[in-house]
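# Residue-level structural notes
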Amino acid sequence: MARILEDVFTAERAGSFQAIGRALPRIDAHSHVTGATRYYADRIFPNLLHAVMARSEHHHALIRHVDLSAAQAVKGVARILTHKDVPNNWYTILKLIGLGPDEEPVLAEDRVLYRGEPIVAILADTEAAAREAAAKVKVEYEELPAVLDVETAILPGTPAIKPHGSNVFVYEGRDHFHVHCGDTEAAFREADHIFEHSYQSSPIEHAPVETTGAIAVPEPGGRYTLHSNTQAAFFTLDNAALILGLPFRQLRVVGGTVGGGFGGKVDVIVEPIAVLGAMLTGRPVKYSFSRGEEMQVSSPRAAERIRIKDGVAADGRIIARDVRILVDAGAYSRHSPYGTIKAAAHMPGPYTVPNVTINAWCVYTNRTPSSAMRGFGVTIGDFALEVQMDRIARELGRDPFELRLQNAYRDGDLKAHRKTVEGAALVEVIQAAAERIGHPLSPECRAMSSCQRT
Amino acid sequence: MKSSYVSFTLNGEEKELLIEPGRRLVDVLREQCGATGTKNGCGQGSCGACTVHIDGVAMLSCLLPAELVDGSEIVTIEGVVRNRVLHVLQEAFLAQAATQCGFCTAGMIMAAKALLDCDPSPSRQAVIEALSGNVCRCTGYEPIIAAVLAAAATLAKRPAAAAAA
Ligand code: FES
Ligand code: FES
């Protein structure tokens, strides 16, 4: 069992931890090992319809015509949903926290912005019939040039793929999110060393063993029960009700048992279609991603491009940090405008740097929309920051632990976005890590504390 | 093609079911037998969540047309508990915190049990190989491997339990 440092954070501790420092069993572990846990798909309903999407074959195209006749003729097809069936087809998931505008259609209308975008939903008695019919939907496209690279997307002259006329999310009238403090340019001139490096990541799929899915069941009195593996039951309820034009009280979400989420089950993608199908047919409807769909169209962690420029004094103090971040939102916003704010606010990392400039763009491309995943907006930035710290240490011949300790933020410091640091723990974590692996630290570094500067 | 009758035993109980042609065993178990402990994680043989025992052999029920199991003895996770007593593997999964979201757990236990049933004291390498078709995205595998080895150690101390399992 990990040792807990009793001598730090006494205020938080207050002598009454119930769980920290103890190994407690999960309350659901017994039912997991016996197979008794009921995930959403373990609720079996008679007369169930299966929803399967016909999806865009192109990254970017106008839809000229959709021919449903062959699909309709498949035995077992009960109904086909198009955008015309969706009461409020345009939405954006973060409208619940005041981010707009509505910019994603539940089902595509006159164009598709990414390969795999849903166009029509087949509802059929069996999944096999629904898949067969989905494959028989004939869509005539007029292909448009695709924007697949974030750097290209923000160049002047690149065609705008979004109806608002640019390829970036607009933050209160600005084309990007900006944070600064101090005078970065002046500090670069004073610095003894300049380090400038670029970092990039690819989209990362959560790949939960249970794919995303939901079952909507009509109940008496015009209500619907939604059995879902969402990670965000109320978020799902509210967004689904807004899309469907239902009073919130008419939806009941049964969830909380998730077969792996990691942030990938926070968007509201399957539920509105399942409920709409149940509303229009009066039958229970299941919409569950196949493994292939989970890989192709469930939203991954955003790919990011990050450039960090640091001005460092001869003694190792970072006196200026300029960070440029491009977050690839893919075709629609989902959680990326918020993730981009997080990415910007997280800089310059857990270090106190007096002069900071941060510019972060939430960029649209014709890729699968990206969204939440474990610390999204922060994780890739941390990768970039910590590789940068190691590079600086190496170039200056400094111990990487001590360089970090020297620049570590402490309680009372001012962050770049002008919040005062409270409850910092970086110093103690680095000290404990060094001790665990037997990495020697100087007496000054061992004596440091997050709670005070000496 | 017409539906046909298929008989098998499921966790010791006789079953005779009318089965549509080509219907996968995983769907028959879950939807026609109510044995929902067996999971469908991919439907394409790549995750192991659907692992069950057919005549003592661990198999992927998502790849098996149910017609083929006519006359077989099938054991699923629901059949691993005997007289309300957890199997040593289940106890070990609890003790080693080898289950998180739990979605892979039934398949893991069925794959591990098939191993222990024929090799009660496997090497770590043998455990890794036996579980190599089972994906877990939560635990990082180490607690699962530790649980299987711990269960084997318990079985070695309790030969009677091994026989009963
Ligand atoms: S569901 Fe059978 S291997 Fe994944
Ligand atoms: S415990 Fe979640 S996939 Fe293994």
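Everything numeric in this text was worked out from a predicted model, so none of it was measured. (Residues numbered from 1 in each chain as written. Chains lettered and ligands numbered in written order. Predicted model: local features only at pLDDT ≥ 70, side-chain atom pairs only at ≥ 80, totals over all residues. Heavy atoms only, no water.)

## Comments concerning the domain arrangement of chain B
Residue and element names in this part refer to chain B. You can read the domains of chain B as domain 1 (4-79) and domain 2 (88-163). Measuring from the centre of the C-alpha atoms in domain 1 to the corresponding centre in domain 2 gives 21 Å. Carbon and sulfur atoms supply 66% of the area that domain 1 and domain 2 bury against each other, a total of about 1000 Å² over both sides. Linking domain 1 with domain 2 are zero salt bridges. Inspection of the region where domain 1 meets domain 2 yields four residue pairs in polar contact (both at pLDDT 80 or more). When its residues are assigned to classes, the side of domain 1 that touches domain 2 shows five nonpolar, eight polar and one charged. (Domains from an automatic or database assignment. Buried area = accessible area lost by both parts, 1.4 Å probe. Salt bridge = Lys/Arg side-chain N within 4 Å of Asp/Glu carboxyl O. Polar contact = N/O pair within 3.5 Å; in protein donor to acceptor, adjacent residues only side chain to side chain. Nonpolar A, V, L, I, M, F, W, Y, C, P; charged D, E, K, R; others polar.)

## Considering unusual backbone geometry
Residue and element names in this part refer to chain A. Cis geometry is adopted by the peptide bond preceding Pro101, which originates at Gly100 and carries an omega value of -10°. Along the chain, Pro101 falls in the loop between strand 4 (90-91) and strand 5 (104-105). In this model, Met347 is joined to Pro348 through a cis peptide bond whose omega is 10°. Take Pro348: it is sitting in the loop between helix 10 (336-346) and strand 17 (355-364). Phi is positive for Ala207, which is not a glycine, with a value near 50°. Tracing the backbone shows Ala207 in the loop between strand 10 (193-200) and strand 11 (213-219). Taking the relative accessible area as the measure of exposure, Ala207 reaches 18% and is therefore buried. Positive phi, normally seen in glycine, also occurs at Arg418, with a value near 70°. For Arg418, the position within the fold is in the loop between helix 12 (400-407) and helix 13 (426-436). (Helix = DSSP H or I, 4+ residues; strand = E, 2+ residues; numbered from the N terminus. Buried < 20%, exposed > 50% of the residue type's maximum accessible area, 1.4 Å probe, protein only.)

## Regarding the sheet that holds strand 7 (residues 118-124) of chain A
Residue and element names in this part refer to chain A. Across the sheet, seven strands lie side by side as 3-7-1-14-11-12-13; this open sheet has mixed pairing. Two strands close off the open sheet at either side, each with one partner strand: strand 3 (77-81) and strand 13 (251-254). On average, adjacent strands in this sheet sit at an angle of 25° to one another, irrespective of strand direction. Of the strand pairs in this sheet, strand 3 and strand 7 are connected by four bridges, and their pairing is antiparallel. Paired with Leu81 across the bridge in strand 7 is Ala121. Against the sheet, helix 8 (residues 270-281) contacts strand 1 (49-55), strand 3, strand 7, strand 11, strand 12 (223-228), strand 13 and strand 14 (285-288), and its axis sits at roughly 30° relative to strand 11. (Pairing = 2+ DSSP bridges. Axes fitted to C-alpha atoms, helices over the stretch in contact; angles between N-to-C directions. Contact = heavy atoms within 4.5 Å.)

## Let's talk about the pattern of salt bridges
Residues and elements named next belong to chain B. Summed over all chains, the structure comprises 32 salt bridges over all chains. With its nearest N and O atoms 2.9 Å apart, the salt bridge here joins Glu31 to Arg23. Take Arg23: its relative accessible area is 17%, and that puts it in the buried class. With its nearest N and O atoms 3.2 Å apart, the salt bridge here joins Asp117 to Lys113. A residue pair is termed a helical-turn pair when its members lie 3 or 4 positions apart in one helix, as Asp117 and Lys113 do in helix 3 (residues 105-118) at four residues.

## Here we look at the environment of Asn359 of chain A
Residue and element names in this part refer to chain A. Note that Asn359 resides in strand 17. Sequence spacing of Asn359 and Ala384 is 25 residues, and the spatial spacing of their C-alpha atoms is 15 Å. Beyond its immediate sequence surroundings of up to four residues, Asn359 is in contact with His176, Phe177, His178, Val323, Arg324 and Ile325. A distance of 2.9 Å separates the side chain of Asn359 from the side chain of His176, its partner in a polar contact.

## Description of the interface of chain B and chain A
Opposite the 28 residues of chain B that make contact, chain A presents 23 residues. The junction of chain B with chain A conceals about 2000 Å² of combined surface from both sides, 61% of it contributed by carbon and sulfur atoms. Taken as a group, Cys101, Phe103 and Arg137 of chain B account for 28% of the area that chain B buries against chain A, more than any other trio of residues on that side. Our count for the chain B to chain A interface comes out at two salt bridges. Between Asp42 of chain A and Lys39 of chain B there is a salt bridge, and its shortest N-O distance comes to 2.5 Å. For the pair chain B and chain A, the number of links is 14 residue pairs in polar contact (both at pLDDT 80 or more). With three residues, helix 2 (residues 88-95) of chain B is the largest single contributor of residues to the side of chain B that touches chain A.

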